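Close look at the chain arrangement
As a plain string of letters, each chain reads:
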Amino acid sequence: MLLREGLVGLLARFGHEVAAAVGNAPALREAVAEHSPDLVVTDVRMPPGQSDEGLRAAVALRKERPGLPILVLSQYVQRTYATELLDSGDGTAVGYLLKDRVGQVEEFMDALRQVADGGTVVDPEVVRQLFRRRRDPLDRLTSREREVLALVAEGKSNAAIARELVVSEAAVGKHIGNILGKLDLPPGEDTHRRVLAVLTFLRA
């Protein structure tokens, strides 16, 4: 509430009219339908769940009203919906800023103007995290590890892979261990981790 009221006062001080200031995602969508604003500023976390309701509402609004300028503020990067938001409307008239990196009022107001004018403003940390996520996870694997993973995907056992590649079964086990580590698969039951590795291979 304090942040919301602070933004209302700040916007008014810079000559902007605030059509509505709401406290939850359903009310946000209702306010946009009622007022057809020139710009929407929303937090990622909003009631009732305090998770990513604000960001999901922003994505839904962009689908309903392509090109609606939206600036999202957050304490963290919610990568799934952030990607969808930034991909919407050809990536124009949209912004995603981390609250603790907006250090100056002028900087924030400039971001608002850019988004309202159809520009895109994205926090560098958001860019870094989204880029890291979009990289092919298999890039970290050697050619031999890719070969082993492909055979695992075919359902072959370690012994069968060893025979096909003419290496020892211990070498295959070492390759698979390296694969699981490089794919950041959590320690757990080995069969389950192999399935996760295969899914990563298929998605890539």
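Cut-offs and rules
Residues numbered from 1 in each chain as written. Predicted model: local features only at pLDDT ≥ 70, side-chain atom pairs only at ≥ 80, totals over all residues. Heavy atoms only, no water. Pairing = 2+ DSSP bridges. Helix = DSSP H or I, 4+ residues; strand = E, 2+ residues; numbered from the N terminus. Axes fitted to C-alpha atoms, helices over the stretch in contact; angles between N-to-C directions. Contact = heavy atoms within 4.5 Å. Patch = residues over 30% accessible without salt bridge, like charges linked within 9 Å, V, L, I, M, F, W, Y side chains within 5 Å. Areas by Shrake-Rupley, 256 points an atom, 1.4 Å probe, with all protein chains shown as cover. Salt bridge = Lys/Arg side-chain N within 4 Å of Asp/Glu carboxyl O. Core = buried A, V, L, I, M, F, W, Y, C linked by side-chain atoms within 4.5 Å. Buried < 20%, exposed > 50% of the residue type's maximum accessible area, 1.4 Å probe, protein only. UniProt positions renumbered as here; feature names shortened; annotations may be inferred. Polar contact = N/O pair within 3.5 Å; in protein donor to acceptor, adjacent residues only side chain to side chain. Expected span 1.5 Å × (residues − 1). Arc of directions from axis to C-beta. Domains from an automatic or database assignment.

A few points about the sheet that holds strand S3 (residues 94–98)
In space, the 4 strands of this open sheet follow the order S1-S2-S3-S4, with parallel pairing throughout. The open sheet terminates on both sides in strands that have one partner only, identified here as strand S1 (40–43) and strand S4 (120–122). Neighbour to neighbour, the strand axes of the sheet diverge by 20° on average, direction disregarded. Where S3 meets S4, 3 bridges bridge the pair, whose relative direction is parallel. Residue Tyr-96 lies in a different strand from S4, and its bridge partner there is Val-122. Relative to the sheet, helix H5 (residues 105–116) contacts S1, strand S2 (70–74), S3 and S4, its axis offset from that of S2 by approximately 145°.

Let's talk about a nonpolar patch on the surface
On the surface, Val-195, Leu-199 and Leu-202 cluster together into a nonpolar patch covering about 260 Å² of accessible area. On the secondary structure map, Leu-199 appears in helix H10 (residues 190–203).

Digging into the nonpolar core
Nonpolar side chains in soluble globular proteins generally cluster together in the buried interior. Judged by nonpolar contacts, the single largest core of 23 residues is most densely connected at Leu-28, Ile-70, Val-72, Leu-85 and Tyr-96. Within the residue set of this core, elements represented by two or more residues are helix H2 (25–35), helix H3 (53–64), S2, helix H4 (79–87), S3 and helix H6 (124–134). Examining the composition of this core, we find that 5 residues originate from one element, H3, more than from any other. Ranked by size, the runner-up nonpolar core spans 17 residues in total, among them Leu-138, Val-148, Ile-161 and Ala-197.

Here's the deal with the pairing of S1
When a strand is regular, its side chains alternate between the sheet's two faces. Judged from the 4 bridges that link them, S1 and S2 form a sheet pairing that is parallel. The partner of Val-41 across the bridge, within S2, is Leu-71.

Description of the UniProt feature "modified residue: 4-aspartylphosphate" (unreviewed entry) in the chain
In the numbering used here, UniProt assigns the feature "modified residue: 4-aspartylphosphate" (unreviewed entry) to Asp-43. On the secondary structure map, Asp-43 appears in strand S1. Sequence-distant contacts of Asp-43, that is, excluding residues within four places in its chain, are made with Leu-3, Gly-54, Leu-55, Leu-73, Ser-74 and Lys-99. Separated by 3.4 Å, the side chain of Asp-43 and the backbone nitrogen of Arg-45 make a polar contact.

Focus on the environment of Leu-151
With respect to the element layout, Leu-151 can be found in helix H7 (residues 143–153). Residue classification places Leu-151 among the buried positions, given a relative accessible area of 5%. Dropping the residues within four chain positions of it, Leu-151 is found in contact with Lys-156, Ile-161, Glu-164 and Leu-165.

Here's the deal with H5
Compared with an ideal rise of 1.5 Å per residue, which puts 12 residues at 16 Å, H5 spans 17 Å between its outermost C-alpha atoms and is within 8% of the ideal. Buried within H5 are the following residues: Phe-108, Met-109, Ala-111, Leu-112 and Val-115. When H5 is viewed along its axis, its buried side chains cluster within an angular range of 155° and face the same direction. Against the buried residues of H5 lie helix H1 (2–13), S1, S2, S3 and S4. Immediately downstream of H5, the backbone of Gly-118 shows phi near 100°, a positive value.

Concerning the domain arrangement of the chain
Entries for the chain in the domain assignment read domain 1 (1–131) and domain 2 (143–203). Taking the mean C-alpha position of each, domain 1 and domain 2 sit 43 Å from one another.

Re unusual backbone geometry
Of note, the phi angle at Ala-93 is positive, near 55°, even though the residue is not glycine. Structurally, the position occupied by Ala-93 is in the loop between H4 and S3. Residue Val-166 is not a glycine yet carries a positive backbone phi of 55°. Turning to its location among the elements, Val-166 is positioned in the loop between helix H8 (158–165) and helix H9 (169–182).

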